[in-house]
Amino acid sequence: RRLSVGVPLPLTGPKAGFGKMHHQSSLMALEEINKSGGIRRGKYARYQLEFLFDDTVGKAETARKVVERLISKNKVPVIMGGYSSPVAAAIVKVCEQNKIPFLSPSAAADKITQKRWKYTFRINPPASEYATGLQEFLLSAVRPRSMAILFEKTRFGMSTGEAMRRWCEENAIELVVFEPYEPWATDFKPLLTMVYAMNPDVIFTTARLADAILLVKQLAELNIRPRLLAGNAGTFAMPAFVQRVGMLSDNAVSAALWVPHVKYAGAKKFASKYKGKYGSEPDYHGAQAYAAAYVCRDILERT
């Protein structure tokens, strides 16, 4: 007997890289879970767990239709996944209407869990807390006097940008530039010219992979050299970012929600097994999806 859980993910489209890591990590956890007895106690004892993956293409409207289908046709008791904040926001509404629990591993916008929903849960911190470790590092090691904040005009970008702006105010760091930009930018030079004129100690930015690569390359082209380029998790924590920009990533730091050497039980084992199985390094998105699968089993054993 099998118990199915719906897992909507961006398996194609511009966010497919994140979806692929979620998908692979979930499958790896699923294999381990079922080899160790599946669901071991409670109403579903001795059931094997099954994940029904479906492609959201990274779009909110597609995600809504996917989740409606998983609930109405497949009768799943839990929805898990989604990845991005706009997609998660669409999933939340469907799950709340149908009274189906939604477990989000990665969607970061604060508002997702600030509306007193009854069926919405997540295992990652909200976006406003992503840079906590980075902020501690800035205060203790960098001690900047000024900062420029550049952030993508998305739920995630705005949450992180506002959180860093408040932190600068609380710590008497002069905010010389605070500018949103449209995702998938084709040219950062007008924005960077403004930054160059203000000469901040630190540039803090939230960006998706293509934007981060372009931003770093144009910083070099304009010879803008802050004491530190600080990325806020997401793209900047991906191995692919360093691979794509090479030495231009020197003097850049990033917040991250997980790295293989954190002192959590199983962290190194997960990273090693993932690399051996898939031939690439996992980042925190993979760890979140892997952990969420085990949380899902725990939910179903205790319901």
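Residues numbered from 1 in each chain as written. Predicted model: local features only at pLDDT ≥ 70, side-chain atom pairs only at ≥ 80, totals over all residues. Heavy atoms only, no water.

Structural notes on unusual backbone geometry
Despite not being glycine, Arg143 shows a phi value in the positive range, around 50°. Along the chain, Arg143 turns up in the loop between helix H4 (132-142) and strand E6 (146-152). According to the relative accessible area criterion, Arg143 is exposed, its value standing at 57%. You will see that Ala172, though not glycine, has its phi angle at about 55°, which is positive. Relative to the assigned elements, Ala172 resides in the loop between helix H5 (155-170) and strand E7 (174-181). Note on Ala172: relative accessible area 71%, which makes it exposed. (Helix = DSSP H or I, 4+ residues; strand = E, 2+ residues; numbered from the N terminus. Buried < 20%, exposed > 50% of the residue type's maximum accessible area, 1.4 Å probe, protein only.)

Focus: the state of the cysteines
Summed over the entire model, instances satisfying the criterion amount to zero disulfides. Counting only cysteine sulfurs, Cys296 is the nearest neighbor of Cys95, a cysteine outside any disulfide, at a range of 12 Å. Note on Cys95: relative accessible area 0%, which makes it buried. (Disulfide = S-S within 2.5 Å.)

Thoughts on a positive patch on the surface
On the surface, a cluster of positive charge is contributed by Lys93, Lys111, Lys115 and Arg155. Relative to the helices and strands, Lys111 is located in the loop between strand E4 (102-104) and strand E5 (120-122). (Patch = residues over 30% accessible without salt bridge, like charges linked within 9 Å, V, L, I, M, F, W, Y side chains within 5 Å. Areas by Shrake-Rupley, 256 points an atom, 1.4 Å probe, with all protein chains shown as cover. Salt bridge = Lys/Arg side-chain N within 4 Å of Asp/Glu carboxyl O. Lys, Arg positive; Asp, Glu negative; His and termini not counted. Charge placed at Lys NZ, Arg CZ, Asp CG, Glu CD.)

Structural notes on the sheet that holds strand E8 (residues 202-206)
Read from one edge to the other, the open sheet built from five strands follows the order E7-E6-E8-E9-E10, with strand pairing classed as parallel. Every other strand in the sheet has two partners, leaving E7 and strand E10 (252-254) as the edge strands with one partner each. Sheet twist, expressed as the mean angle between neighbouring strand axes with direction ignored, is 20°. Here E6 runs beside E8; their pairing, made up of five bridges, is parallel. If you follow Phe151 over to E8, its bridge partner there is Thr206. Where helix H6 (residues 189-198) meets the sheet, it contacts E6, E7 and E8, and its direction lies at approximately 180° from that of E7. (Pairing = 2+ DSSP bridges. Axes fitted to C-alpha atoms, helices over the stretch in contact; angles between N-to-C directions. Contact = heavy atoms within 4.5 Å.)

A closer look at the pattern of salt bridges
Applying the stated criterion across every chain, the model contains 17 salt bridges. Between Glu301 and Arg40 there is a salt bridge, and its shortest N-O distance comes to 2.8 Å. With Glu301 in helix H10 (residues 284-302) and Arg40 in the loop between helix H1 (16-35) and strand E2 (48-55), the pair connects residues that are 261 residues apart, well separated along the chain. Residue class for Glu301 comes out buried when judged on its relative accessible area of 4%. Classification of Arg40 by relative accessible area gives partly exposed; the value is 43%. One salt bridge in this structure joins Asp54 and Arg69, with 2.7 Å as the shortest N-O distance. Of this pair, Asp54 sits in strand E2 while Arg69 sits in helix H2 (residues 60-72), and the two are 15 residues apart along the sequence.

Digging into the side chain of Glu96
Looking at where Glu96 falls in the secondary structure, it is placed in helix H3 (residues 85-98). Nearest to the buried, unbridged Glu96 among oppositely charged side chains is Lys118, at 7.6 Å. Leave out the neighbours within four places in its chain, and Glu96 touches Trp117, Lys118, Tyr119 and Thr120.

So, the pairing of E2
The pairing of strand E1 (residues 2-9) with E2 spans eight bridges and is classified as parallel. Bridge pairing in E2 places Pro8 opposite Asp54. Read from E1 through H1 to E2, the crossover connection turns out right-handed. (Right-handed = clockwise from strand over helix to strand, strands pointing away.)

Nothing here speaks to function; it is geometry throughout.
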